[in-house]
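The residues making up each chain are set out below.
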Amino acid sequence: MLIRRLAAEERLTTSFPLQAYAFEASPLSGERVEAFHRYLPYNRGNRTLVVEEDGETQAAASAIPMRQNLRGRVLPMAGVAGVATHPLARRRGHVRALLHQLLDEMRDEGHQLTALHPFRAGFYERFGYVGLPRTRTVRFSPADLDPLLRAELPGEVTWERIGAGYAGYRAFTECCVRERHGFAIFPEFRAVGLRDRDDRWLVTARIDGTTMGALTYRIDDDGELLGDDLLTTDPYARALLLQFLARHVDQVDRISLQVPADELPELWLTDLAVHVEARVSRSGSLAPMARLLALDTLAGLPAGPGRVRVELVGDRWLAGNHLLDGTTGQLELAAGGPAPSATLTAAGLSALAYGVLDPVEVDVRGLGSIGPDAAAELRRLFPRALPYLFADF
Ligand SMILES: CC(C)(COP(=O)(O)OP(=O)(O)OC[C@H]1O[C@@H](n2cnc3c(N)ncnc32)[C@H](O)[C@@H]1OP(=O)(O)O)[C@@H](O)C(=O)NCCC(=O)NCCS
């Protein structure tokens, strides 16, 4: 099996058609094939590997060099996308080989984390990934925001097309990645696609001249205002953005927004009739997944006062017997030593590091073997946290 890294332009005739076959309606129109050229620059800095046989592309997988916040530290993260095998070449181990090499290379370049949006969670759990919370879709009528119209709020709102406001929006996402656990952003070469498509409005909330909230959205011809992620770092900023939405009462019937899993829209206002939904199916609509690619990612992270020795099992990148010690308030690691009191798979350790599962849940789900004492230590070391991935790729 020959695995090769593609040069940028080669994508047009190799990985793009394969991915289009896997993810789009096909056969493709000539117009769609032409659109590959427009999409090419936003893939420029990705690493795309293909499996070739007799000069034909059999399988492809790409990694986007992104950044993600893990418990307060911003780290290089490999965003995996475009994983596809030709139907005649499926189930022959191509994607397994591609993912191994792709993640080997990304890890060697310093990417300590990786995340993706899976087609089926079980497929990627074997590669050590664990589920992260899915964003919630919130739906309500602008009429229910009426009380906000009369509210006196500090700060101001600006409104423009994303094409014009992109730089400010991008700067605000840079601020979010520094502040919010789990938050991930694209490299600039990919992020500018939002500016160039220019198919969204942007509303920004500023308080004392500092951006503290932003929402991109569009309005369809069925009377719905379709918001993307409601990004706020301050409750006044959220109120300013909702007040702006309230002004659409005579224009749209419904508003939808995406919010992180810890946002509670039912508490935004009295008498707000609101529907909050996170839909997950076995295939199609799924929560994102992520994993650690290197154990030293954890060194120095803020940690609770737990101390436990674990053995990492069943993984290509995380292995061995390690002491995890949080008694100084920062995680310290030491390899080797006496028998461990728990075993963890890569998905199990990743679940604890991202804060998405309790040690007992890790054990129940078969992502490790953890007795009550080790569970208590691990729970202290890795307090629950709710990551918010944000980037959609
Ligand atoms: C899903 C897909 C990428 C798998 O590629 P592949 O080259 O056939 O995968 P591999 O042969 O390397 O299989 C790797 C492992 O996953 C398993 N696997 C393969 N397809 C699977 C599926 N659909 N569901 C669950 N497990 C699957 C294989 O049995 C194998 O397990 P093993 O190593 O324990 O034997 C390919 O079928 C495809 O292109 N599908 C359509 C596009 C798609 O859904 N892409 C995923 C986007 S994230």
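Rules used in this analysis
Residues numbered from 1 in each chain as written. Predicted model: local features only at pLDDT ≥ 70, side-chain atom pairs only at ≥ 80, totals over all residues. Heavy atoms only, no water. Bend = angle between axes of the 7 residues up to and from the residue. Helix = DSSP H or I, 4+ residues; strand = E, 2+ residues; numbered from the N terminus. Buried < 20%, exposed > 50% of the residue type's maximum accessible area, 1.4 Å probe, protein only. Polar contact = N/O pair within 3.5 Å; in protein donor to acceptor, adjacent residues only side chain to side chain. Contact = heavy atoms within 4.5 Å. Domains from an automatic or database assignment. Buried area = accessible area lost by both parts, 1.4 Å probe. Salt bridge = Lys/Arg side-chain N within 4 Å of Asp/Glu carboxyl O. Near = heavy atom within 4 Å. Areas by Shrake-Rupley, 256 points an atom, 1.4 Å probe, with all protein chains shown as cover. Nonpolar A, V, L, I, M, F, W, Y, C, P; charged D, E, K, R; others polar. Pairing = 2+ DSSP bridges. Axes fitted to C-alpha atoms, helices over the stretch in contact; angles between N-to-C directions.

**As for helix 6 (residues 162-179)**
And then number 1: At Gly168, helix 6 shows its largest kink, close to 35 degrees.
And then number 2: Within helix 6, burial applies to Ile162, Gly165, Tyr166, Tyr169, Arg170, Phe172, Thr173, Glu174, Cys175, Cys176 and Val177.

**What to know about the side chain of His322**
And then number 1: Mapped onto the fold, His322 is located in strand 18 (residues 320-325).
And then number 2: Of the polar contacts made by the side chain of His322, one reaches the backbone oxygen of Ala319; its length is 2.7 Å.
And then number 3: Here His322 is in contact with Leu295, Val308, Arg309, Val310, Leu312, Ala334 and Ala335, once residues within four sequence places are set aside.

**Points about the domain arrangement of the protein chain**
And then number 1: Each domain of the protein chain was delimited in the assignment, giving domain 1 (2-116), domain 2 (136-277) and domain 3 (293-381).
And then number 2: For domain 1 and domain 3, the distance between their C-alpha centres works out to 31 Å.
And then number 3: Contact between domain 1 and domain 3 buries roughly 1400 Å² in total, counting both sides, with carbon and sulfur atoms accounting for 54%.
And then number 4: Together, Leu70, Arg71 and Arg107 form the three largest contributors to the area buried by domain 1 at its contact with domain 3, with a combined 42%.
And then number 5: Counting across the domain 1 and domain 3 interface gives one salt bridge.
And then number 6: With a closest N to O distance of 2.6 Å, Asp104 and Arg316 form a salt bridge.
And then number 7: Joining domain 1 to domain 3, the criterion identifies 11 residue pairs in polar contact (both at pLDDT 80 or more).
And then number 8: Secondary-structure elements contributing two or more residues to the side of domain 1 that touches domain 3 are strand 3 (56-70), strand 4 (73-85), helix 3 (94-108) and strand 5 (113-116).

**Things to note about the site of the ligand**
And then number 1: Of all residues adjacent to the ligand, which total 17 residues, the nearest are Thr85, Arg91, Gly93, Arg96 and Arg126.
And then number 2: The side chain of Arg90 places a nitrogen or oxygen atom 3.5 Å from an oxygen atom of the ligand.
And then number 3: With respect to the ligand, the backbone of Arg91 contributes an N or O atom lying 2.6 Å from an oxygen atom.
And then number 4: Relative to its unbound accessible surface of 900 Å², the ligand loses 77% to contact with the protein.
And then number 5: Those elements giving two or more residues to the shell around the ligand turn out to be helix 1 (15-23), strand 4, helix 3 and helix 4 (121-125).
And then number 6: Looking at side-chain class alone, the shell around the ligand contains eight nonpolar, three polar and six charged residues.

**A look at the sheet that holds strand 21 (residues 368-370)**
And then number 1: Spatially, 19-18-17-20-21 is the arrangement adopted by the five strands of the open sheet, whose pairing is mixed. Bordering the open sheet on either side are strand 19 (332-335) and strand 21, each of which pairs with just one other strand. Adjacent strand axes in the sheet meet at a mean angle of 30 degrees, parallel and antiparallel pairs treated alike.
And then number 2: Direction of pairing for strand 17 (residues 307-312) relative to strand 20 (residues 342-344): parallel, over a ladder of three bridges. Note on strand 20: the bridge partner recorded for Glu311 is Thr343.
And then number 3: Packing against the sheet, helix 11 (residues 372-381) makes contact with strand 17, strand 18, strand 20 and strand 21, and its axis sits at approximately 105 degrees to strand 17.

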